[in-house]
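Read off the chains here:
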Amino acid sequence: MTPTRQGSFRLFHLWGIDVHLHWSWFLLAFYSISERIPKYANPVWGALEYFALFLIVLMHEFGHSLACRSVGGEANQIVLWPLGGVAYVNPPPRPGATLWSIAAGPLVNVALVPVTLVALFLSRRAGWETTYPDVEIFIWMVGAMNIFLLCFNLLPIYPLDGGQILRSALWFAVGKARSLIIASVVGFVGGLAFAAFALIRADMWLGILAAFLLMHCWRGFQEARFLRRVEQLPRRSGFACPVCHASPPVGPFWRCQNCGQPFDLFEGGSFCPKCGTHQAVAPCPDCGAAPAIAAWDPAARRG
Ligand SMILES: [Zn+2]
Ligand SMILES: [Zn+2]
Ligand SMILES: [Zn+2]
């Protein structure tokens, strides 16, 4: 159910980002284009309208990816599948960097609003309404699709962009774990409302979408509970992660890179108690970064 590279093929590579297309897009394209054709005198415009939708989704995802890169995060893959696009972004674990990586997607749609309005204005002035009615309908439809996508993505239902924006904004105030708990609970309520709406309308697509949202909210909630447990562990003072500035938890939360023995890296000079191997890298349980052990010690850095 989760979009992955499985069943998709690489479409192209741009600015270091691989764009993959899931095979089911073709199914949807066939269905979607045949639905669009009756609006136009020339059926080619139906296909062009679908292609425009594809481009809008792609630009939105590029917005996420490039913003994430701009704050030093990782983003090298976009997968387009029937429920929309997914940009695989891994921003640095700071609320500001996360907020920017998420908000940049909808901001692309915001930027497209005046573009479509100007195009519509120019086509009206040129009198295309009567001379080329297909062009007029096309511009209108592209503008409407863009605004629909913008509004839909901003619904505060995790993991939609709106839900993730809510989460990042709350992160500033209540921290990483608590913000995710609140966002996934709000998202769960929204997902249930979606499911009810899908049942009333007997709409299969909406039903699939509701199931997808509910599943991801549940996963977000589980992740938040895990983050909360990590947050509540007793901490060792005198060390701070160079990425997220959290002190490491006290306990055997690391494994020896040589023999796999779990032990506390920040005790006894980072030597494995079983095989004696010195550990160079100390992954941070809070943010997932893997800085060198020496980078953790503020005293060592000062000296
Ligand atoms: Zn988005
Ligand atoms: Zn960290
Ligand atoms: Zn060892």
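Please refer to the structure placed before this passage.
Let me sum up the structure you'll find in this document.

Rules behind the numbers
Residues numbered from 1 in each chain as written. Chains lettered and ligands numbered in written order. Predicted model: local features only at pLDDT ≥ 70, side-chain atom pairs only at ≥ 80, totals over all residues. Pairing = 2+ DSSP bridges. Helix = DSSP H or I, 4+ residues; strand = E, 2+ residues; numbered from the N terminus. Axes fitted to C-alpha atoms, helices over the stretch in contact; angles between N-to-C directions. Contact = placed C-beta atoms within 7 Å.

**Examining the sheet that holds strand S3 (residues 74-81)**
Read across the sheet, four strands follow the order S1-S2-S3-S4 without closing on themselves; strand pairing throughout is mixed. The open sheet is flanked by strand S1 (8-14) and strand S4 (84-90), the only strands paired with a single partner. Taking the axes of each pair of neighbouring strands and ignoring which way they run, one obtains an average angle of 20° across the sheet. The pairing of S1 with strand S2 (residues 17-22) spans six bridges and is antiparallel. Across the sheet, the residue bridging to Ser8 is His22, located in S2. Strands in contact with helix H2 (residues 44-70) are S2, S3 and S4; relative to S4, the strand with the most contacts, it is inclined by about 5°.

**Observations regarding unusual backbone geometry**
Residues Tyr158 and Pro159 are joined by a peptide bond in cis, for which omega reads 5°. Take Pro159: it is sitting in the loop between helix H5 (133-153) and helix H6 (161-174). Notably, Ala202 is not glycine yet its phi reads approximately 50°, a positive angle. Considering the arrangement of structural elements, one finds Ala202 in the loop between helix H7 (176-201) and helix H8 (204-231). Even without being a glycine, Ser270 presents a positive backbone phi close to 65°. Here Ser270 is to be found in the loop between strand S6 (262-263) and helix H9 (293-296).

In short, the description is geometric, and any link to function would need to be established separately.
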